[in-house]
Amino acid sequence: MFPGIIGKKHVGPESVYPFDFAETEENNGILQVGRNITHMKLLVRKFLQQQNSMQSVAFVAFLLSQQNHNYLICCYFLLLLLSFYYHYDNYFSS
């Protein structure tokens, strides 16, 4: 299994929740990794390229306040992610 996390890291400690791929506020600017969907999309691409056809799971955690969830941005990002996964899967399976 190849676990990854992108965005706000809501879990710890590292010894209990280890990630093979971690792009969080611990090694990036929090606004880049938690709110910039273009940057987050590139990090998802990087994760998919590194997972080398192993079973994998990626947690993508946005930095949004509880009162200001912007569902359109979340839906847009999920659509981009699904679109990229579809094209990625078709590219490598042919």
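It should be emphasised that the depicted structure is a prediction, and the values quoted were computed from it without experimental measurement.

Draft legend 1. Expanded view of the nonpolar core. Of all hydrophobic cores here, the largest spans 12 residues; its members are F2, I6, F21, V33, I37, M40, L43, V44, F47, L48, F62 and F77. Among the secondary structure elements, those contributing two or more residues to this core are β1 (2-7) and α2 (37-50). The greatest single-element share of this core, amounting to six residues, is contributed by α2. Beyond its immediate chain neighbours, meaning those up to four positions away, M40 contacts I6, Q32, V33, G34, R35, V60, A61, F62 and F77.

Draft legend 2. Up close: the pattern of salt bridges. The tally for this structure, following the rule as stated, stands at four salt bridges. In this structure, the salt-bridge partner of K8 is E25, at a minimum N-O distance of 3.8 Å. With a gap of 17 residues between them, K8 in the loop between β1 and β2 (21-24) and E25 in the loop between β2 and α1 (30-34) connect regions that are remote in the sequence. Assessed through its relative accessible area of 27%, K8 is described here as partly exposed. When its relative accessible area of 26% is taken as the criterion, E25 is described as partly exposed. K9 is paired through a salt bridge with E26; the nearest N and O atoms lie 3.6 Å apart. Of this pair, K9 sits in the loop between β1 and β2 while E26 is found in the loop between β2 and α1, placing the two residues 17 residues apart along the sequence. Where salt bridges share partners, they join K9, E14 and E26 into one cluster.

Draft legend 3. Here's a closer look at the packing of aromatic side chains. In this structure the tally under the stated criterion is three aromatic pairs. Considering the side-chain rings of F19 and F59, the 6.2 Å spacing of their centres and the 80 degrees angle between planes classify their relative orientation as edge-to-face. Of this pair, F19 sits in the loop between β1 and β2 while F59 sits in strand β3 (residues 56-61); the two residues are 40 residues apart in sequence, bridging distant segments of the chain. Taking the centre distance of 5.4 Å and the plane angle of 65 degrees together, the rings of F21 and F47 count as edge-to-face. Highlighted residues: F21 in strand β2 and F47 in helix α2, separated in sequence by 26 residues. You can call F21 buried: its relative accessible area is 3%. The exposure class of F47 is buried, given its relative accessible area of 3%. A network of ring pairs unites the aromatic residues F2, F21 and F47 as a single cluster.

The rules behind these values
Residues numbered from 1 in each chain as written. Predicted model: local features only at pLDDT ≥ 70, side-chain atom pairs only at ≥ 80, totals over all residues. Heavy atoms only, no water. Core = buried A, V, L, I, M, F, W, Y, C linked by side-chain atoms within 4.5 Å. Buried < 20%, exposed > 50% of the residue type's maximum accessible area, 1.4 Å probe, protein only. Helix = DSSP H or I, 4+ residues; strand = E, 2+ residues; numbered from the N terminus. Contact = heavy atoms within 4.5 Å. Salt bridge = Lys/Arg side-chain N within 4 Å of Asp/Glu carboxyl O. Phe/Tyr/Trp six-rings, centres within 6.5 Å; stacked < 30°, edge-to-face > 60°.

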